[in-house]
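Letter by letter, the chains look like this.
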Amino acid sequence: MGTATGTGTDTGTTQPMTVPVTVYGAYGHTGRFVVAELRERGFVPILAGRDAGKLRALAASAPGLEVRPASIDDPASLDRALTGAAAVINCAGPFALTAAPVIEAALRAGIPYVDVAAEIEANVDTFTHFADRARAAEAVIVPAMAFYGGLGDLLTTAAMGDWTTADEATVAYGLSGWHPTPGTRTAGTVSRERRSGRRVRFTNGRLEYHDTEPTLLKWPFPAPMGTRQVIGEFTMADVVTIPSHLSIPEVRTHMTTEAAADLSSPETPAPTATDETGRSDQTFIVEAVVRSGDTERRAVATGQDIYAVTAPLAVEAIDRILTGRIHATGVASAGQIFDAADFLGALAPHITFAPQVRRDGSLASTVCTA
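Attention here is on the structure that accompanies the text. (Residues numbered from 1 in each chain as written. Predicted model: local features only at pLDDT ≥ 70, side-chain atom pairs only at ≥ 80, totals over all residues. Heavy atoms only, no water.)

A short note on the pairing of strand 11 (residues 227–232)
Residues in a regular strand project their side chains so that they alternate between the two faces of the sheet.
Part 1: Sheet topology note: the strand 10 (residues 215–220)/strand 11 ladder contains six bridges and is antiparallel. What sits directly across from Trp219, in strand 11, is Arg228.
Part 2: Between the antiparallel neighbours strand 10 and strand 11 lie six residues, among them Gly226 with a positive phi of about 75 degrees.
Part 3: Where strand 11 and strand 12 (residues 250–256) come together, two bridges link them in antiparallel fashion. Its bridge partner lying in strand 12, Ile231 is registered against Met255. (Pairing = 2+ DSSP bridges. Helix = DSSP H or I, 4+ residues; strand = E, 2+ residues; numbered from the N terminus.)

Structural data, given as structure tokens:
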């Protein structure tokens, strides 16, 4: 068994722990990154999912890992998968199908639940259906603890700083390209079916479904990307996570046109590993901008491979939950439950985080890089 350490905010002491963590969907593209990150940080992954053969194949690649097949339509098998675990990370999409059953199992087991869902509707379901129960049980459920939903929320929260409200928030995604996994494509199909092909946005303080055609904009990303064409209101899970705890009536997300074209084309292949960790050569810049009147505040993150970087996001979340470094219980997004700036700084070298403050268009603070 591995050992993980962390600092609890209640005691200020280091708490050594032997920590088994169940990864549901462990053999998927993102699940494999999560398993590797857990091992790297001294946790002991328990491999769970629907396909016993794929679980055994993954276990064979890293001796000592326990395999626990489980199906979302078999609560007893999910209970066995979570027995003895300190927490569960759900990496199995579509989350419209898997989130609720795995959350139910986590509540029965009395352990924290984290998922990497990018599906807007699935995340809405988690907040809607589990908020009261989780709060009453003082349970911890963190949806969308991933590149989409989690990272944008953390950046926006860090950019807000001491503001309690803002007029609008924009998260601009500068991706060099996007080779979607089969899981991403399946989840997108489920989401489109749930919204009958309509688009979605967060405006006037609520989610709104519409048929308006998207607009093309120019977005001035920081160097080295520079100004790029983006699809305006290419809406991602941030429109669920950010408004769940920040008083911002307008939340928008934009996407570089190259990445959007890759996603929409059925001919775009899945990601290809280009280094020993399995990462692709995809790079990203994510810029969160909050505006209040004429004042803007910004925070920027850069890194490589949106799927790979989800793993340190999810595992850092588990570490902080298990060591008491949280601000809330119940269903909570990343920016609400964690110290956003501290969390982002802890993700180095996976992510480079640069908090900035701009007032009336001028840079008013030194850019700090973690």
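Thoughts on the sheet that holds strand 3 (residues 66–69)
Part 1: Judged by pairing direction, the sheet is parallel, and its seven strands sit side by side in the order 3-2-1-4-5-6-15 without closing on themselves. Across the chains shown, the open sheet's two edge strands, defined by having one partner strand only, are strand 3 and strand 15 (330–331).
Part 2: When strand 6 (residues 140–142) meets strand 15, the two strands line up parallel, connected through two bridges. Paired with Ile141 across the two strands is Val331, which belongs to strand 15.
Part 3: On top of the sheet, helix 1 (residues 29–40) reaches strand 1 (20–24), strand 2 (44–49) and strand 4 (87–90); it is set at about 170 degrees to strand 1, its chief contact. (Contact = heavy atoms within 4.5 Å. Axes fitted to C-alpha atoms, helices over the stretch in contact; angles between N-to-C directions.)

Quick word on helix 10 (residues 310–322)
Part 1: Compared with the 18 Å implied by 1.5 Å per residue over 13 residues, the 19 Å span of helix 10 between its first and last C-alpha is a close match.
Part 2: The buried count for helix 10 comes to 13 of 13 residues, which makes it a mostly enclosed element.
Part 3: Once helix 10 ends, the next one or two residues include Gly324, with phi positive near 75 degrees. (Expected span 1.5 Å × (residues − 1). Buried < 20%, exposed > 50% of the residue type's maximum accessible area, 1.4 Å probe, protein only.)

Notes on the pattern of salt bridges
Side-chain pairing between opposite charges can occur once the charged atoms of the two side chains come close.
Part 1: Using the criterion set out here, one finds 24 salt bridges in the structure.
Part 2: Here Glu121 ties to Arg195 by a salt bridge, and the two come within 3.0 Å at their closest N and O atoms. Linking Glu121 in helix 5 (residues 120–137) with Arg195 in the loop between helix 7 (182–194) and strand 8 (199–203), this pair joins segments that are 74 residues apart in sequence.
Part 3: Here Glu121 falls in the buried class, since its relative accessible area comes to 6%.
Part 4: For Arg195, a relative accessible area of 13% translates into the label buried.
Part 5: Note that Arg206 is salt-bridged to Glu208, the shortest N-O span being 3.8 Å.
Part 6: What makes Glu208 buried here is its relative accessible area of 18%.
Part 7: Each of Asp167, Glu168, Arg201, Arg206, Glu208, Glu233, Glu250, Arg252 and Arg291 takes part in one network of salt bridges that share partners. (Salt bridge = Lys/Arg side-chain N within 4 Å of Asp/Glu carboxyl O.)

Section: the layout of surface pockets
Part 1: Here the second largest pocket defines a volume of roughly 330 Å³.
Part 2: Phe33, Glu37, Thr277, Arg279 and His350 are, among the 14 residues lining the second largest pocket, the residues nearest its centre.
Part 3: Looking at the lining of the second largest pocket, the elements with two or more residues in it are helix 1 and helix 10.
Part 4: The biggest single contributor to the lining of the second largest pocket is helix 1, with four residues.
Part 5: For the lining of the second largest pocket, the class distribution of residues is seven nonpolar, three polar and four charged. (1 Å grid on protein atoms, 1.4 Å probe; cavity = no way out; pocket = protein on both sides within 12 Å on 5 of 7 lines; lining within 4 Å. Points joined across faces, edges and corners; volume = space filled by probe spheres on them. Nonpolar A, V, L, I, M, F, W, Y, C, P; charged D, E, K, R; others polar.)

Here's the deal with the nonpolar core
Part 1: Among the nonpolar cores identified, the biggest contains 110 residues, and Met145, Phe147, Leu151, Leu175 and Trp178 are the most heavily contacted of them.
Part 2: Grouped together as the second largest cluster of nonpolar side chains are nine residues, Ala172, Phe221, Val230 and Val300 included. (Core = buried A, V, L, I, M, F, W, Y, C linked by side-chain atoms within 4.5 Å.)

Quick word on the packing of helix 1 against helix 10
Part 1: For the pair helix 1 and helix 10, the least separation of the axes is 8 Å and the interaxial angle reads 50 degrees. Taken together, the axes of helix 1 and helix 10 are oblique relative to one another. Seen along the crossing, helix 1 lies across helix 10 with a hand that is right-handed. Residues Thr30, Phe33, Val34, Glu37 and Leu38 of helix 1 touch helix 10, and the partners they reach there are Thr310, Ala311, Pro312 and Val315.
Part 2: Of the residues contributing to the contact of helix 1 with helix 10, the split by class is six nonpolar, two polar and one charged. (Parallel < 35°, antiparallel > 145°, perpendicular 65-115°, else oblique. Left-handed = near helix turned anticlockwise from the far one by under 90°.)

Remarks on the pairing of strand 13 (residues 283–292)
Part 1: In terms of residue burial, strand 13 counts as a mostly covered element, since seven of its ten residues are buried.
Part 2: One ladder, built from ten bridges, connects strand 13 with strand 14 (residues 295–304); its direction is antiparallel. Note that in strand 14 the partner of Val286 across the bridge is Ala301.
Part 3: Counting the residues between successive antiparallel strands, the hairpin from strand 13 to strand 14 contains two residues, one of them, Gly293, with a positive phi of roughly 60 degrees.

Functional significance is not addressed by these values, which are geometric in nature.
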